[in-house]
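Residue-level structure breakdown
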Amino acid sequence: FSRDSELSKYGQTGWSLGFAMRPTPSGMRYMHTGNNSGFQAYCCFYKEKKYGFVLFTNSEKAFELYEKIGKILDDEF
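To start, this report covers the structure provided alongside it. As the structure is a prediction and not an experimental result, all values here were calculated from the model.

1. Details of the overall build of the chain
Summing up its helical and strand segments, the chain has two helices and five strands in all. About 5,500 Å² of surface is accessible on the chain, with carbon and sulfur atoms providing 55% of the total.

2. Let's talk about the packing of aromatic side chains
According to the stated counting rule, one finds three aromatic pairs in the structure shown. Geometrically, the ring pair formed by Phe-19 and Phe-45 is edge-to-face, given 5.4 Å between the ring centres and 80° between the ring planes. With a gap of 26 residues between them, Phe-19 in strand E2 (residues 19-24) and Phe-45 in strand E4 (residues 39-46) connect regions that are remote in the sequence. A residue is classified by how much of its surface remains accessible, and Phe-19, at 25% relative accessible area, is partly exposed. Plain terms: the ring middles of Tyr-46 and Tyr-51 are 6.0 Å apart, the flat faces sit at 50° to each other, and that makes the pair tilted. Ring pairing ties together the aromatic residues Phe-19, Tyr-30 and Phe-45, which thus form one cluster. The side chain of Lys-49 reaches across the aromatic face of Tyr-46, ending 5.8 Å from its centre.

3. Quick notes on the pairing of E4
Of all the eight residues making up E4, six are buried; the element is thus mostly covered by neighbouring parts of the structure. Where strand E3 (residues 27-36) meets E4, seven bridges bridge the pair, whose relative direction is antiparallel. Each residue of the ladder has a partner; that of Thr-33, found in E4, is Tyr-42. Connecting the antiparallel pair E3 and E4 is a turn made up of two residues, with Gly-38 showing a positive phi of about 85°. Across seven bridges, E4 lies against strand E5 (residues 51-57) in antiparallel orientation. Bridging from a neighbouring strand, Ala-41 pairs with Phe-56 of E5.

Thresholds applied
Residues numbered from 1 in each chain as written. Predicted model: local features only at pLDDT ≥ 70, side-chain atom pairs only at ≥ 80, totals over all residues. Heavy atoms only, no water. Helix = DSSP H or I, 4+ residues; strand = E, 2+ residues; numbered from the N terminus. Areas by Shrake-Rupley, 256 points an atom, 1.4 Å probe, with all protein chains shown as cover. Phe/Tyr/Trp six-rings, centres within 6.5 Å; stacked < 30°, edge-to-face > 60°. Buried < 20%, exposed > 50% of the residue type's maximum accessible area, 1.4 Å probe, protein only. Lys NZ or Arg CZ within 6 Å of the ring centre and 35° of its normal. Pairing = 2+ DSSP bridges.

Shape descriptors only; they carry no functional weight alone.
This is the structure in structure tokens:
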């Protein structure tokens, strides 16, 4: 999956062993989300940089929280 692929041009993601893969200016971002009634989760990491972010909530507003946290952590997440 390269930055020049058709998926990349349209903001789509490829998948690898259950993780979405998205090329970013910060490197390849691996992501996974989960959503059950009343619970949401998000995780992403950069394998090459050896860091990531995990968010588990007992709420259906995880992505609102994630957007606020993302402003603090910058666009890498």
